[in-house]
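Residues per chain are reported as follows:
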Amino acid sequence: MESIISFKDVKKVYPNGNVGLKNINLDIKKGEFVAIVGLSGAGKSTLLRTINKMHDITSGDILVNGESIVHYRDKSLRKLRRNIGMIFQSFNLVKQSTVQRNVLNGRVGYYPTWKSVLGLFSKADKQKAVEALRSVNMIEKLYAKVDDLSGGQQQRVAIARTLMQDPNIILADEPIASLDPVTSSAVMDDLKRLNEELGMTVVVNLHSVRIARTYASRIIGIRAGEIVYDQPIENVKKEDFAEIYANKAK
Ligand SMILES: Nc1ncnc2c1ncn2[C@@H]1O[C@H](COP(=O)(O)OP(=O)(O)OP(=O)(O)O)[C@@H](O)[C@H]1O
């Protein structure tokens, strides 16, 4: 099957000299559900954020949908980011606004700025927002204020907002790190459903190996900016993670 995301000898050094990624070679296939695990500071966020160019790389190449994204800017960059949904640990919602308005904000890339500022969204997009909320089982909260929702519910609104972009890739950076176990499962179930039912490719950074094993089709382990583990779920054994999480620098 074709690769939807490819890393070729990717290195990322931050301006202050910190090494984020060392020499990453990685192919992610369309429809995979990839969990990236590793200690804090291993490079998980850096890896994820190079895929939509929130971080630029220092050398090497990254291909998305078969095209190098390294030189993307302006229009091509906007198109890339429309294609890729991003979910954050902190939800990044406008808390004083309604759920509906937040979900519609996922569509702003399709409107001239003045229309989105005034909230002039089309009927079709309002309908689309309803469907997005339905797919994360949050339709009854359409007119609720985001501030009145639980963390898990807010994360699901964030997922619905992402769906408004019609992405084919979803990147989730520690999406459940600030949630309790029950709401964590609801959020992970949503991501799994988008993967299985809508065929979206999901790449998710997780602290919990247990959650990674429950949901992912493939687990990648990162340590000090390098891939030290990469297996399809059927080959993954619990004891495999001792090295990734070993508490000493390599
Ligand atoms: N903006 C930045 N400027 C400088 N160094 C950075 C920056 N962001 C990350 N780093 C460094 O890059 C390395 C990888 O960090 P990264 O945040 O990708 O790890 P992580 O595995 O996602 O960790 P966490 O689970 O804590 O988020 C670390 O050494 C970190 O200090």
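Since we're looking at a predicted model, the values are computed, not measured. (Residues numbered from 1 in each chain as written. Predicted model: local features only at pLDDT ≥ 70, side-chain atom pairs only at ≥ 80, totals over all residues. Heavy atoms only, no water.)

A closer look at the overall build of the protein chain
Thought 1: Helix and strand content of the protein chain: eight helices and ten strands.
Thought 2: In terms of overall dimensions, the protein chain is globule-like: its C-alpha atoms have a radius of gyration of 18 Å, near the 18 Å expected for 250 residues.
Thought 3: Along the first, second and third principal axes, the C-alpha atoms of the protein chain reach 55 × 40 × 40 Å.
Thought 4: Summarising the internal contacts of the protein chain: among those between residues at least 6 apart in sequence, 69% fall at separations of at least 24.
Thought 5: Accessible area of the protein chain: about 12100 Å², with a carbon and sulfur share of 50%.
Thought 6: Side chains of the protein chain carry 37 positive and 27 negative charges; the gap between the two charge centres is 5 Å. (Helix = DSSP H or I, 4+ residues; strand = E, 2+ residues; numbered from the N terminus. Rg over C-alpha atoms; globule rule 2.2 N^0.38 Å. Contact = heavy atoms within 4.5 Å. Areas by Shrake-Rupley, 256 points an atom, 1.4 Å probe, with all protein chains shown as cover. Lys, Arg positive; Asp, Glu negative; His and termini not counted. Charge placed at Lys NZ, Arg CZ, Asp CG, Glu CD.)

Some details on the pairing of strand β7 (residues 169–173)
Each regular strand carries side chains that alternate between the two faces of the sheet.
Thought 1: Burial within β7 is extensive, with five of its five residues counted as buried.
Thought 2: A two-sided burial pattern is seen for β7, the buried positions comprising I169, L171 and D173 on one face and I170 and A172 on the other.
Thought 3: Bridging between strand β6 (residues 84–88) and β7 involves five bridges; their strand directions are parallel. Residue pairing across strands places M86 opposite L171, the latter belonging to β7.
Thought 4: Sheet topology places β7 next to strand β8 (residues 201–206); five bridges connect them, and they run parallel. Pairing of I169 across the sheet is with T201, part of β8.
Thought 5: In terms of handedness, the path from β7 via helix α7 (residues 181–198) over to β8 forms a crossover that is right-handed. (Buried < 20%, exposed > 50% of the residue type's maximum accessible area, 1.4 Å probe, protein only. Pairing = 2+ DSSP bridges. Right-handed = clockwise from strand over helix to strand, strands pointing away.)

Notes on the sheet that holds strand β5 (residues 67–68)
Thought 1: Reading across the sheet, the four strands line up as β2-β1-β4-β5 and stay open at both edges, with antiparallel pairing between neighbours. If you trace the sheet from one side to the other, it starts and ends with β2 (19–29) and β5, each paired once.
Thought 2: Where strand β4 (residues 59–64) lies against β5, two bridges are found, and the strand directions are antiparallel. From the neighbouring strand, V64 faces β5, where its bridge partner is E67.
Thought 3: Relative to the sheet, helix α1 (residues 44–51) contacts β1 (3–13), β2 and β4, its axis offset from that of β2 by approximately 55°. (Axes fitted to C-alpha atoms, helices over the stretch in contact; angles between N-to-C directions.)

Overview of the pairing of strand β3 (residues 33–37)
Thought 1: Along β3, five of the five residues are buried, which leaves the element largely enclosed by surrounding structure.
Thought 2: Residues F33, A35 and V37 line one face of β3 and the alternating positions V34 and I36 line the opposite face, and both faces are buried.
Thought 3: The pairing of β3 with β8 spans five bridges and is classified as parallel. Directly across from F33, in β8, lies its bridge partner V202.
Thought 4: Direction of pairing for β3 relative to strand β9 (residues 218–223): parallel, over a ladder of four bridges.

Let's talk about the site of the ligand
Thought 1: Inspection of the region around the ligand gives 15 residues, with S40, G41, K44, S45 and T46 positioned closest.
Thought 2: At 2.7 Å, a backbone N or O of G41 approaches an oxygen atom of the ligand.
Thought 3: With the chains in place, 65% of the 630 Å² that the ligand exposes on its own is no longer accessible.
Thought 4: Here the shell around the ligand gets three residues from one element, more than from any other, and that element is α1.
Thought 5: Here the residues of the shell around the ligand sort into four nonpolar, nine polar and two charged. (Near = heavy atom within 4 Å. Polar contact = N/O pair within 3.5 Å; in protein donor to acceptor, adjacent residues only side chain to side chain. Nonpolar A, V, L, I, M, F, W, Y, C, P; charged D, E, K, R; others polar.)

Examining a nonpolar patch on the surface
Thought 1: Taken together, W114, L118 and L120 make up a surface patch of nonpolar side chains, about 340 Å² in accessible area.
Thought 2: By secondary structure assignment, the location of L120 is in the loop between α4 (113–117) and α5 (123–135).
Thought 3: Classification of L120 as partly exposed rests on a relative accessible area of 40%. (Patch = residues over 30% accessible without salt bridge, like charges linked within 9 Å, V, L, I, M, F, W, Y side chains within 5 Å. Salt bridge = Lys/Arg side-chain N within 4 Å of Asp/Glu carboxyl O.)

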